[in-house]
Amino acid sequence: MLVFANVRERWTSFLAALVAVLVGVALITTTLIIYDSSRPKVQSRLSAASAIAIPDQAVNQDETPEDRVPWSRDEAQSLIDKLGAVPGAGSLVMDRSFYAQAFLGSRPVEDEGALEAGHGWSSARLAPYELVTGRAPAGADEVVVDRALGVAAGTTLTVNITAGRTEFRVVGTVDGPGYYFADDFATRQQPGVGAIAILAGKGASVDDIKARAERVVGDKGTVVSGDGRSALQPAYVEHKRFLGTQLIGAMAALGLFTTVFVVASMLVLATGLRRREIGLLRMIGASPRQVRRMILGEAGLIGLLGSPAGCLVGIGTAPLLRDILQGLDVTPPELKVRVAMWPLFTAAATGVGVSVLGAWSAGRMAARVAPIEALLDSRANSRMMSRARWIGGLTALGLGVVLAIVTATVGADTRINMAIFATMVLIVAAALLAPVCVGPVGRALTSPFRRLGSAAPLLVRAELRADSRRAASLAAPVIAAVGFAVLLSGMMETMRVAYPAGDALKLTGQLIVTPDQTPGNTDEVVAANPVGKAALPTRAFVRDKDGTLTVIDALGSRDTRWNKPGQAVLGSMMADFLGVKAGDDHAVRFADGATVKLRIAQVLPDDPARGDFVMSRQLVRAHDPAALTDDIFVPLKSNPASVVPGTAVHDAVQYALGDYATDAKLTDRLAAMLILIAVGYSGTAVANSMAMTAHGRRHDFAVMKSAGGTVRQLLLFSAAETTLVVAVGAALGVLVTLGPLAGMASGLSQATSTDIGLHLNLSTIAAVILGSLVPAVAASVVVTWRTMQREAA
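Conventions adopted
- Residues numbered from 1 in each chain as written.
- Predicted model: local features only at pLDDT ≥ 70, side-chain atom pairs only at ≥ 80, totals over all residues.
- Heavy atoms only, no water.
- Phe/Tyr/Trp six-rings, centres within 6.5 Å; stacked < 30°, edge-to-face > 60°.
- Helix = DSSP H or I, 4+ residues; strand = E, 2+ residues; numbered from the N terminus.
- Buried < 20%, exposed > 50% of the residue type's maximum accessible area, 1.4 Å probe, protein only.
- Salt bridge = Lys/Arg side-chain N within 4 Å of Asp/Glu carboxyl O.
- Core = buried A, V, L, I, M, F, W, Y, C linked by side-chain atoms within 4.5 Å.
- Contact = heavy atoms within 4.5 Å.
- Patch = residues over 30% accessible without salt bridge, like charges linked within 9 Å, V, L, I, M, F, W, Y side chains within 5 Å.
- Areas by Shrake-Rupley, 256 points an atom, 1.4 Å probe, with all protein chains shown as cover.
- Pairing = 2+ DSSP bridges.
- Axes fitted to C-alpha atoms, helices over the stretch in contact; angles between N-to-C directions.
- pLDDT = per-residue confidence, 0-100.

Chemist: Quick one: what's the story with the packing of aromatic side chains, residue by residue and with numbers?
Modeler: For the structure on display, the rule yields seven aromatic pairs. Aromatic side chains Phe168 and Phe181 sit 5.1 Å apart centroid to centroid with 65 degrees between the ring planes, which places their arrangement in the edge-to-face category. Of this pair, Phe168 sits in strand β11 (residues 164-174) while Phe181 sits in strand β12 (residues 179-181); the two residues are 13 residues apart in sequence, bridging distant segments of the chain. Exposure class is identical for Phe168 and Phe181. Each is buried. Seen in terms of ring centroids, Phe168 and Phe185 are 5.6 Å apart; in terms of plane orientation they differ by 80 degrees. Their pairing is edge-to-face. Separated by 17 residues along the polypeptide, Phe168 in strand β11 and Phe185 in helix α4 (residues 183-189) bring together distant segments of the chain. For Phe168, a relative accessible area of 2% corresponds to the buried category. Given the relative accessible area of 9%, Phe185 is considered buried. By way of ring pairs, the aromatic residues Phe98, Phe168, Phe181 and Phe185 are connected into one cluster.

Here it is in structure tokens:
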């Protein structure tokens, strides 16, 4: 009952924490809803398949399941013969997908799914797509296209395939996307089989078909039906889902950390303002354990009140987040928001747990309040820093410095995450050690104003010195907001300088032929550029030294040093992973399902420009007819005489800037979104904290007014003190990021072989500080003015 009474009596003091929990739970709810909504769905072109037999997955070098191992043509035919005898199986289809993209004039038709847009005609039955006009393709030069393409049956259409631009006669149109060729032609384009679809006969049970098909397939693969058919997804959809998941995960992690951080600082602040009240409870017999339970109970109640409200707000804002992500092009096509119960329960439980966790420090502080505090000013603290706070702050500072140093040494894949983690630890350290900084910073900033003869600087200085813990709690959200903003914007600025400079340095003296609105270079483009590096990538399946079937990135090279039939050249790390040495034979399974033994000709030091597993280009083309060539690097003296349509030619600087700009456009938007979330959340917390503090000091204002202070003077005093607290938080927020950013710049310097310094986005930093300052000052002034009006009344 005491908990309910306290919350009812001091609701204004708890409002800030309640709003923080509400916002945090809303953010977590929204991200979880979008995450749940973006789970893989069954492709529309496979909707008519009752069940689908798919090969087993191989793992990558990190032992994460990835590519499925295609069946060879003979393996697939054997399975079809056996599956055809399954009762209820009406018909079976070998489904193949390969690159196909129409050219209208000299430009390719924009299609993000072009890499898997080509299919055999039999695959059209899996949608099912009906012929709108014309007939099915029969010859190798015939194709059926989507009627939305606007090409009529009987006309000629240029379609880009692996071989290059090829003329096909359009013999029909269908009411769905894709290019449908004769099955024999599709088999030549993609000999390997990644799926065998089963269409159920009339009245047959899908469950029975699936069960019997599983017995037929055995250990050669898996049979899926229903939602399980979503296991087959185009690569571009998976890529978008991956990017969206990364952003959603970052948002959820940022929201969780900020919620814990902000709620803890607010509850510590609220407890500090109640020292006299808690001392009175201690005087009348309350034990430290009872006081601690009261604080934790209040926090639990705040969580119980804020979490349901946050869930409702999260449900309402989920469509907005979906639209933002769609604008960033990081969501699967036609994403529809669906609200399941598990995101709501998870977010609500997180809200309550975060509230209780955030109250732990406040509860420990409250339990140490002595009965004598009832006779003292509620804001009087026995000491600025407790032993536990010193230990925690210095430990976090030391760990943060170590992590910042480690940031300079880790690989590119983990450098960003390490810098973010280091900054989080340093933000905690800054919040714990902030009381030590408040006094000196306050003296330094108020000294220039002492000569004006005004009492306001002296009052501000005395106020900060008298209760530096309160000022530190008010500054904590600003530290978090400015810290994350400086880190994220600084990362983008540093990488914007580092990567193009490093790439341009490596590519000096070369021209680069790149795809232009196509997913890769065709054999036609390679033939038009006979000199220079033209790597043909493929996914190969090999056994590692433990016997595990692993999928790796392999390259076909036309370099005379590596382009030797029956041989492969490995990097040292790849050779160690496979457990082989020069002179050994090793089996490689290709995309067509064939297995070939290659002799390891050489094991060389790792070189990303060469590749980890390099073999003859002709060998890769023979076993992966659908593979497209990477960017082609041509010496300046062999400048291409003409440019093949669907390609572009760049010099080293243009290529480096363009290559980075493609990724930077997305990463800049993602960083801006995360900064907006951090600043918006922390700005709300700062405004609430300032309002709560101003309300808690109404008696102080009344005393100052009775001593002759005018309303204008008191409002200026409140604004000045708030500005000083925000300045302290902003300064600490900038400082905590310098170490991780310097470590990241050092790591980039080593990785790119260029001298990269620390780069900050000053306009973003100024905007973030202003975004924290304005709501804080506004909240403080408004609440102070209303409190004084109420006291006067």
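Chemist: Could you give me a rundown of the environment of Ala431, with the residues and numbers involved?
Modeler: Of note, Ala431 is situated in helix α11 (residues 412-446). Of the residues examined, Ala431 reaches a relative accessible area of 11% and is grouped as buried. Residues Ala431 and Gly729 lie 298 residues apart in sequence; the distance between their C-alpha atoms is 8.7 Å.

Chemist: Account for the pattern of salt bridges, with residues named and values stated.
Modeler: According to the stated counting rule, one finds 19 salt bridges in the structure shown. Arg338 serves as the salt-bridge partner of Asp36, at 3.7 Å between the closest nitrogen and oxygen. Of the two residues, Asp36 is situated in helix α2 (residues 11-37) and Arg338 in the loop between α8 (288-328) and α9 (341-367); the sequence distance between them amounts to 302 residues. Given a relative accessible area of 1%, Asp36 falls into the buried group. Where salt bridges share partners, they join Glu66, Asp67, Arg539 and Asp553 into one cluster.

Chemist: Residue-level account of the nonpolar core, with values.
Modeler: One finds Met251, Leu325 and Met491 to be the most contacted residues of the largest nonpolar core, which totals 78 residues. The biggest single contributor to this core is helix α13 (residues 468-506), with 16 residues. Beyond its immediate sequence surroundings of up to four residues, Met491 is in contact with Ile416, Ala419, Ile420, Leu741 and Met744. In terms of nonpolar packing, the next biggest core, distinct from the first, is built from 21 residues, Leu578, Leu598, Leu619 and Val620 among them.

Chemist: So what's going on with the side chain of Gln190? Which residues, and what values?
Modeler: Take Gln190: it is sitting in the loop between α4 and β13 (195-200). If we ignore the near neighbours within four places in the chain, the residues touching Gln190 are Arg96, Ser97, Phe98, Ala591 and Ala626.

Chemist: Go over a nonpolar patch on the surface with me, naming the residues and quoting the values.
Modeler: Judged by side-chain polarity, Trp390, Ile391, Leu394, Leu397, Val401, Ile405 and Val436 come together as a nonpolar surface patch covering roughly 600 Å² of accessible area. Looking at the nonpolar patch, the element that brings in the most residues is helix α10 (residues 387-407), giving six residues. Topologically, Leu397 is positioned in helix α10.

Chemist: Pulling in residues and values, what's your account of the sheet that holds β13?
Modeler: As summarised here, the arrangement of the four strands in space is β4-β13-β1-β14, forming an open sheet in which the pairing is antiparallel. At either end of the open sheet lies a strand with only one pairing partner, and these are β4 (89-95) and β14 (221-225). Along the sheet, successive strands turn relative to each other by an average axial angle of 20 degrees, direction set aside. The pairing of β4 with β13 spans six bridges and is antiparallel. Bridge pairing in β13 places Asp95 opposite Ala195. Along the sheet face, helix α3 (residues 73-83) touches β1 (51-55), β4 and β13 and points at about 170 degrees away from the line of β4. Along the sheet, helix α5 (residues 206-217) makes contact with β1, β4, β13 and β14, crossing β14 at roughly 175 degrees.

Chemist: Explain the confidence of the model for the protein residue by residue, including any values.
Modeler: Confidence along the protein averages 81 in pLDDT terms, with 80% of residues attaining 70 or more. Every residue in residues 1-5 is under pLDDT 50, and counting partners more than four places away or in other chains gives six contacts. Confidence drops under pLDDT 50 across residues 378-382; counting only partners more than four residues distant or on other chains, this segment forms 15 contacts.

Chemist: Could you give me a rundown of unusual backbone geometry, with the residues and numbers involved?
Modeler: With an omega dihedral of -10 degrees, the bond running from Ala127 to Pro128 counts as a cis peptide bond. Not every positive phi belongs to a glycine, and Glu63 is a case in point at roughly 65 degrees. The exposure class assigned to Glu63 is exposed, which follows from its relative accessible area of 66%. Here Gln517, not a glycine, exhibits a phi torsion of approximately 65 degrees, which is positive. Within the secondary structure, Gln517 is located in the loop between β15 (510-515) and α14 (523-528). The exposure class assigned to Gln517 is partly exposed, which follows from its relative accessible area of 44%.

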